[in-house]
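Next come the chains, spelled out residue by residue.
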There are 2 protein chains.
Amino acid sequence: MRFCPFAQRACIILAAKNVKHEIVNINLKKKPEWFFEKSPLGKVPSIELDGQIMSESLVICDYLDEVYPDPPLHPADPWRKGQDRMFLEIFGKVTGAMYKVYFSRGDQDILSKGFTDIQAGLDPFEAELTKRNTKFFGGDKPGMLDYMIWPWMERLPVAQKFGGERALPENCYPKLFSWMEDMKQDPAVKATYLSPETHYKYLLTSISGSPDYDMQV
Amino acid sequence: MRFCPFAQRACIILAAKNVKHEIVNINLKKKPEWFFEKSPLGKVPSIELDGQIMSESLVICDYLDEVYPDPPLHPADPWRKGQDRMFLEIFGKVTGAMYKVYFSRGDQDILSKGFTDIQAGLDPFEAELTKRNTKFFGGDKPGMLDYMIWPWMERLPVAQKFGGERALPENCYPKLFSWMEDMKQDPAVKATYLSPETHYKYLLTSISGSPDYDMQV
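Note that the coordinates shown come from a computational prediction; the quantities given were computed from them, not determined experimentally.

### A short note on the UniProt feature "domain: GST C-terminal" (unreviewed entry) in chain A
Okay, so step 1: The UniProt record annotates "domain: GST C-terminal" (unreviewed entry) at residues 77-215 of chain A.
Okay, so step 2: In residues 77-215 of chain A, the share of helix is 71% and the share of strand is 0%. The end C-alpha atoms are 43 Å apart.

This is the structure in structure tokens:
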């Protein structure tokens, strides 16, 4: 699904590794029969290889990193690799909260809770990037952690549009905001990038109950 | 926390790998100040090495598997490793549903939903073990997938006690039930095993609102 942040994760890694692939988009509201035959979980993203299916974005991306090791995206040191995976767990707060914000339908309590969670998810990232004192979490190039959080960071301006008074104050994340500008220059990010305007336009169709999966971008 | 299934995951892997370690238990209802200073997530299990902390049971166990490769617990083939991790995601249905069952407090709808989810989580495992036609998911010895689902399988008889008419019919999972008997013979499982009676006894204190973390076993 062209606007799904989880699917985007897989597309970014495929681009970063220059893996030849074919993309088949799915109508998530009306999943085709053949999809369930192939993928019992019925989830996107799924990758197919020799008739076998693998689902779950993080599992797929780690698999791709193992079989296409150039460039390696995880830290070579197991402890640092584990720390990055731990940060991904923390980021789970943001992915859930962003949906809350999108679908808050003007409910100020839900909106407020959503932004509190987004902040709770982002604060450790701002602190960590400051501590690492590198351009990206992966060092001077984006690594797995950078790429795995990117789809939601790309959509952060959209969440802000919904935020009203609860939106995050500008410049509250100086490191992350500068990181975002750097990420936008990365070829793998560029390959899948959609503007906040496009995300917003799609999202309005989704909120209306009839997501326009085929929307022109 | 001695009765926490997530913490048990880490203890099983430490036992499977013969890693020298010290266990510090935490009162989860009254987490000590020093714990937050060490572990910002404030979660168990956490491991400490040279003053640094790593949290999240799966992250910890994968880390331990990398730095203590004997015996290796993941399949060597990246695709099979990915398939096992995907199955772990499916198992997430069971871990959440089991809490629902425990804390259903006689609400038949919650109980019913809980057992439906437990079944939805276990059915693919019964099918997969049949398909693999091996003693364990890992082959003739338990692998990471076996160990990661074990703490909830150890507690399955406890969920059954709460189930009444909704409990899973006996022998509905012949492969998994025979797998459970085999797992109980594994030294790493034995090292952390608690009986259903002990789990049940603890759980009653937890449901009452005053979990007895120091209960004699």
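### Looking at the interface of chain A and chain B
Okay, so step 1: Residue-level contacts link 23 residues of chain A with 23 residues of chain B.
Okay, so step 2: Contact between chain A and chain B buries roughly 2200 Å² in total, counting both sides, with carbon and sulfur atoms accounting for 66%.
Okay, so step 3: Our enumeration of links across chain A and chain B arrives at 4 salt bridges.
Okay, so step 4: Across the pair B:Arg85 and A:Asp62 runs a salt bridge, and its minimum N-O distance is 2.6 Å.
Okay, so step 5: In this structure, the connection of chain A to chain B is made through 8 residue pairs in polar contact (both at pLDDT 80 or more).
Okay, so step 6: Among the elements that line the side of chain A that touches chain B, the one with the most residues is helix α4 (residues 78-102) of chain A, at 9 residues.
Okay, so step 7: Counted by class, the side of chain A that touches chain B contains 13 nonpolar, 4 polar and 6 charged residues.

### Concerning the UniProt feature "domain: GST N-terminal" (unreviewed entry) in chain A
Okay, so step 1: Look at the UniProt record and you will see "domain: GST N-terminal" (unreviewed entry) annotated at residues 1-72 of chain A.
Okay, so step 2: Across residues 1-72 of chain A, the secondary structure splits into 40% helix and 11% strand, with the terminal C-alpha atoms separated by 27 Å.

### A short note on the domain arrangement of chain A
Residues and elements named next belong to chain A.
Okay, so step 1: Domain boundaries assigned for chain A yield domain 1 (5-67) and domain 2 (78-206).
Okay, so step 2: Using only C-alpha atoms to locate each centre, domain 1 and domain 2 end up separated by 22 Å.
Okay, so step 3: Taken together, the 13 residues of domain 1 in the interface contact 13 residues of domain 2.
Okay, so step 4: Both faces combined, the contact of domain 1 with domain 2 buries some 1300 Å², and carbon together with sulfur accounts for 74% of it.
Okay, so step 5: Three residues, Pro5, Gln8 and Ile12, lead the burial of domain 1 against domain 2; their summed loss comes to 44% of the area buried on that side.
Okay, so step 6: Linking domain 1 with domain 2 are 0 salt bridges.
Okay, so step 7: If you list the elements that add at least two residues to the side of domain 1 that touches domain 2, you get α1 (5-16) and α3 (57-67).
Okay, so step 8: In terms of residue count, α1 provides more of the side of domain 1 that touches domain 2 than any other element does, 9 residues in total.

### A word on α4(A)
At 3.6 residues per turn, the α-helix brings residues three or four places apart onto the same side.
Okay, so step 1: Across its 25 residues, α4(A) extends 36 Å between first and last C-alpha, which sits within 8% of the 36 Å expected from 1.5 Å per residue.
Okay, so step 2: Its axis deflected by about 30° at A:Ile90, α4(A) carries its strongest bend there.

The rules we used
- Residues take numbers from 1 onward in each chain, read along the sequence in its written order.
- For naming, the first written chain is A and the first written ligand is 1, with later ones following in the order written.
- The predicted nature of this model means local features are confined to residues of pLDDT at least 70 and side-chain atom pairs, given and counted, to a pLDDT of 80 or more, with totals for whole chains, interfaces and linings taken over all residues.
- Side-chain calculation: all heavy atoms of the structure are included, whereas hydrogens and water are not.
- UniProt positions are given in the numbering used here, feature names are shortened, and annotations may be inferred rather than shown by experiment.
- Here a strand is any run of E in DSSP of at least two residues, a helix any run of H or I of at least four, and the numbering for each starts at the N terminus.
- What makes two residues a contact is simply this: any of their non-hydrogen atoms within 4.5 Å.
- Note on definitions: buried area is the accessible-area loss of two parts on being combined, 1.4 Å probe, summed for both.
- Any Lys or Arg side-chain nitrogen found within 4 Å of a carboxyl oxygen on Asp or Glu counts as a salt bridge.
- For the purposes of these results, a polar contact is taken to be a pair of N or O atoms within 3.5 Å, where, inside protein, one atom must be able to donate a hydrogen and its partner to accept one; residues adjacent in sequence count only when each atom of the pair is a side-chain atom.
- Think of it as three bins: nonpolar holds Ala, Val, Leu, Ile, Met, Phe, Trp, Tyr, Cys and Pro, charged holds Asp, Glu, Lys and Arg, and polar takes everything else, Gly as well.
- As annotated, the domain borders come from an automatic or database domain assignment.
- Take the number of residues in a helix, subtract one, and multiply by 1.5 Å to get its expected span.
- Fitting axes to the seven residues that end at a residue and to the seven that start at it, the angle between those axes gives the bend at that residue.

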